[in-house]
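Fold and contact review
So the chains spell out like this:
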Amino acid sequence: MKAHLENLNWRYATKHFDESKKISAEDLSDLKEAVRLTASSYGLQPYQVFIIEDPKVKEQLRAAAFNQPQLTEASQIFVFAAYTEVKEEYIKDYMQNVAVTRGIDVSNLDQFAEMIKGASMSLPKEQQANWMAKQTYIALGNLLNVAATLKIDSCPMEGFNVEKFNEILGLNNKGLTATVIAPVGYRSKEDATQHHIKVRKQHTDLFTTI
Ligand SMILES: Cc1cc2nc3c(=O)[nH]c(=O)nc-3n(C[C@H](O)[C@H](O)[C@H](O)COP(=O)(O)O)c2cc1C
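Attention here is on the structure that accompanies the text. (Residues numbered from 1 in each chain as written. Predicted model: local features only at pLDDT ≥ 70, side-chain atom pairs only at ≥ 80, totals over all residues. Heavy atoms only, no water.)

This part takes up helix H8 (residues 162–169). Within H8, the full set of buried residues consists of Phe-165, Asn-166 and Leu-169. For H8, the buried positions fall inside an angular range of 100° around the axis, keeping them on one side. Counted as exposed and oriented over 90 degrees from the buried face of H8: Glu-163 and Glu-167. For H8, the elements touching its buried residues are strand S1 (47–52), helix H3 (55–63), helix H4 (70–73), strand S2 (76–83) and strand S4 (176–185). Directly beyond the C-terminal end of H8, a positive phi value near 60° is found at Gly-170. (Buried < 20%, exposed > 50% of the residue type's maximum accessible area, 1.4 Å probe, protein only. Helix = DSSP H or I, 4+ residues; strand = E, 2+ residues; numbered from the N terminus. Arc of directions from axis to C-beta. Contact = heavy atoms within 4.5 Å.)

Below, the structure written as structure tokens:
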């Protein structure tokens, strides 16, 4: 446990990455698995994750992210993209996955499917989008934590133009919208932010035990 908390103290929102250092295929695979294993409401995973390595695409994204250097310096950029409305096909695909994975007949899941549909598709479109966007932040948290365990640096980021990201990555016609991103890689020695003392609320200001 101590090691886990040490890792959380070690990580920081990295402002400058060392461009010469790339994440190994094995570590990248672990990061992806951490995202894949993330909990989501009903297990629906109503989002997709894009991993950007192409230097030209990184340049375009940097221009659409207020020129923040992490976008081109990082080894990869994880772009979390949530669906904008709940569609019946997402639920159908999920039921199919459950049935195949657990070796059961999909008809046994009809009640479960109706429950998800009833709870989600009845919401106004904006609330549907908001509900699905929230799920991506859980995956983001897992990514940051597992990255820290692997001593991989990262920076959670919302400072980007969503419309431009959607356009560059062709997300709109997939029914998706970018919600949050995380460049990952290795901190630059020159990044002064790594020396900043972590600022957090005191326990008494954050926790109430009832
Ligand atoms: C949702 C979210 C969005 C953020 N957006 C940006 C961003 O666009 N650019 C940036 O440099 N840092 C961004 N940050 C980093 C925060 O400023 C940073 O996590 C916070 O100050 C705490 O510092 P620490 O993560 O280094 O401990 C973001 C963090 C979160 C969680």
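Next comes the rest of the write-up.
Positive phi is not limited to glycine here, since Tyr-42 has a value of about 60°. In this fold, Tyr-42 is placed in the loop between helix H2 (25–36) and S1. For Phe-66, which is not a glycine, the phi torsion comes out positive at approximately 55°. Assignment of secondary structure puts Phe-66 in the loop between H3 and H4. Judged by relative accessible area, Phe-66 falls into the exposed class, the value being 62%.

It is worth spelling out the side chain of Asp-191 at this point. Looking at the element boundaries, Asp-191 is found in the loop between S4 and helix H9 (203–206). Buried Asp-191, no salt bridge; nearest opposite-charge side chain is Arg-187, N-O distance 7.0 Å. Within the structure, Asp-191 has its side chain in polar contact with the backbone nitrogen of His-16 (distance 3.1 Å). In contact with Asp-191, other than residues within four places in its own chain, are Tyr-12, Thr-14, Lys-15 and His-16. (Lys, Arg positive; Asp, Glu negative; His and termini not counted. Salt bridge = Lys/Arg side-chain N within 4 Å of Asp/Glu carboxyl O. Polar contact = N/O pair within 3.5 Å; in protein donor to acceptor, adjacent residues only side chain to side chain.)

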